[in-house]
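Take a look at the letters that make up each chain.
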Amino acid sequence: MVEHGTAEVTTAPRALPRALPRFETPLVPRQSISARALVAVVAIMTFLASLTIGAVILVAGSAAAWESDVAREVTIQVIPAPGIDVDTTVEQAAAVARAFRGIDKVQPYSKEQSTKLLEPWLGSGLSLDQLPIPRLIVVKLSPGAKLDIDGLRRQLGEKAPGATLDDHRGWIERMRTMAGTAVATGIVILLLMIAATMLSVTFATRGAMAGNKPVIEVLHFVGAKNVFIARHFQRHFLLLGLQGGIIGGAAAILLFALASLISGWISGSAAGAQTAALFGSFSIGPLGYIAVLVQIGLIAGVTAWTSRHTVNRTLESID
Amino acid sequence: MVRFENVGLRYGLGPEVLRDLSFRIEPHSFQFLTGPSGAGKSTLLRLLFLSLKPTRGLINQFGHDVATLSNDAIATLRRRIGIVFQDFRLLDHMTTYENIALPLRVMGRREESYRDEVIELLNWVGLGERMWALPPVLSGGEKQRAAIARAVIARPQLLLADEPTGNVDPSLAQRLLRLFIELNKSGTSVVIATHDIALMDQYDARRLVLHDGRLHIYD
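Since the structure is predicted, the reported quantities are computational estimates derived from the model, not experimental observations.

*Asks:* Whenever I open this one, the overall build of chain A confuses me. Can you help?
*Replies:* Helix and strand content of chain A: 9 helices and 4 strands. The order of helices and strands in chain A, counted from the N terminus, is α-β-α-β-α-β-α-β-α-α-α-α-α. Out of the 319 residues in chain A, the part that is buried amounts to 30%. A separation of at least 24 residues holds for 86% of the contacts in chain A among residues at least 6 apart in sequence.

*Asks:* When you look at the sheet that holds strand β3 (residues 135–141) of chain A in this model, what are you seeing that I'm missing?
*Replies:* Two orientations exist for strands paired in a sheet by backbone hydrogen bonds: parallel and antiparallel. Residues and elements named next belong to chain A. Judged by pairing direction, the sheet is antiparallel, and its 4 strands sit side by side in the order β2-β3-β1-β4 without closing on themselves. If you trace the sheet from one side to the other, it starts and ends with β2 (103–108) and β4 (163–166), each paired once. The mean inter-strand angle of the sheet, taken between neighbouring strand axes irrespective of direction, is 20°. Across 4 bridges, the pairing between strand β1 (residues 73–78) and β4 is antiparallel.

*Asks:* Help me understand the environment of Gly249(A) in this model?
*Replies:* All names here are of chain A. Relative to the assigned elements, Gly249 resides in helix α7 (residues 226–265). In this structure Gly249 comes out as buried when scored by C-beta crowding, with 26 C-beta atoms within 10 Å. On a C-alpha basis, the gap between Gly249 and Val292 in space is 6.2 Å, while along the polypeptide they are 43 residues apart. The contacts of Gly249, once residues within four sequence positions are left out, are Thr46, Ser50, Val292, Leu293, Gln295 and Ile296.

*Asks:* Looking at this structure, how should I read the sheet that holds strand β2 (residues 16–25) of chain B?
*Replies:* Residue and element names in this part refer to chain B. Spatially, the 4 strands line up as an open sheet ordered β2-β1-β4-β5, and their pairing is antiparallel. Each having just a single partner strand, β2 and β5 (64–65) make up the two edges of the open sheet. Lying on the sheet, helix α1 (residues 41–48) is in contact with β1 (2–10), β2 and β4 (56–61); it crosses β1 at an angle near 125°.

The rules we used
All residue numbers here refer to positions counted from 1 along the written sequence of the relevant chain. All chains are assigned letters beginning with A, and all ligands numbers beginning with 1, in the order in which they are written. Residue-level local features of this predicted model are given only where pLDDT is at least 70; pairs of side-chain atoms are given and counted only at 80 or more, and the full residue set underlies all totals for whole chains, interfaces and linings. Helical segments are the DSSP runs of H or I of at least four residues, strand segments are the runs of E of at least two, and each set is numbered from the N terminus. Think of it as a crowd count around each C-beta: if 20 or more other C-beta atoms lie within 10 Å the residue is buried, if 12 or fewer it is exposed, and in between it is partly exposed, with C-beta placed from the backbone throughout. Two residues qualify as a contact pair if the distance between their C-beta atoms, derived from the backbone, is within 7 Å. Think of it this way: DSSP has to see at least two bridges between two strands before they count as a pair. Convention adopted: a line fitted to C-alpha atoms gives each axis, helices being fitted over their contacting stretch, and angles between N-to-C directions are expressed from 0 to 180 degrees.

The quantities given are spatial measurements derived from coordinates; they are silent on function.
Okay, here's the thing in structure tokens:
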């Protein structure tokens, strides 16, 4: 140490406000306006990206459920025609179906039930006796069973002439195409959302870093190595990113949990049935929650990486 | 300690702002660096502080050719040099104590190991009562002394000061000069960049005069 005591520099104590004793304040200022703005940007973008992930998972899940429901059912149709006793043909066709391997349940629709099915289109109180209304037999397949469609169709032709089998293949194909399109669109939106999140976070981090340039310069001038400065900034911005990510991700998780709870409450009602038909149980499941958590980590990582990159560029500009 | 041989510097494709500088700074020496505004004093200080590399010539500091040093090696070498900026460059979110202790902190020393050292220096520069104050509430003179304390806390072998009396009244300027003289007596080589002739007249020391990019030395 230099030989103190010989200097003439002295000052009278001044009555200015005294800060609390602090020995090791973080090198990077924590509570700046830009840091709070960064946390807000990260939180909002994480929330929106999490909603997108959840929506994609819901659509994909619902589409798979619709497809599986439709695929587990075939319909036998008996169309009235001259020389065909519809009631007898329905009974024969139902008997063939019941005896066939891989079939769980056979439900023939009576004339009254068929009339009821048409009520939404034709109105009630109509006598449909004069109309050639086809009669339907709904055949549910046993879970996991693979139905020999051609065999069933052949037997129906032999034992119940006039009955035709519809395996919903055309429907399933259309459903598959629609579901695939919905999921692909969701994934594209998700990718765009993630890209927008990364860009927003990158620019917000750069903005927050701009205010810290004097800190980087001073650390550099007092002999701090580049890796030391970069490590401090990276850690600081990783924490900010995590803070924002956790706020946004937690808000999204709460929203999904709440939606799942509400859909559980209204499950018995007509609205509940409608919602369930569209979105299933309205639950994103463990995969959805894991995706949100991964996203929080990813966004925090991007924040930290951007800060390190900006520190390095600032140091290059100083040198 | 420091040796410049035919050093020249230009920014980009512009003209040379420093030309054919050849001089030495010996251990325990004291010198003023002076010249008109825009003569290149701050640029020469930046070369001495290893913050710029020359476009030609050789700079040897503490036995190392600076052109061959890596960034990490330069950072290590910079710890042997203290610098006082004209605009102080104190960190506003840290107390005076923490600002002064910063060079020791970046060296990786634990706070307990340097606390007494920092407090002793704070008292020596007359800031003992202000150690918990944040820079925004310090006066210009106090900031200047804090900046000087930060520059010398790690006991540098070379102290560079850029217009250290530019923002203070003549009385404080005189006291700061005495502070630099005391530091020099304790073994630190001192280079003070100034165009304050009155200040230079107060102490008989070597003068490095920059004019038109060239250096004239008056021992």
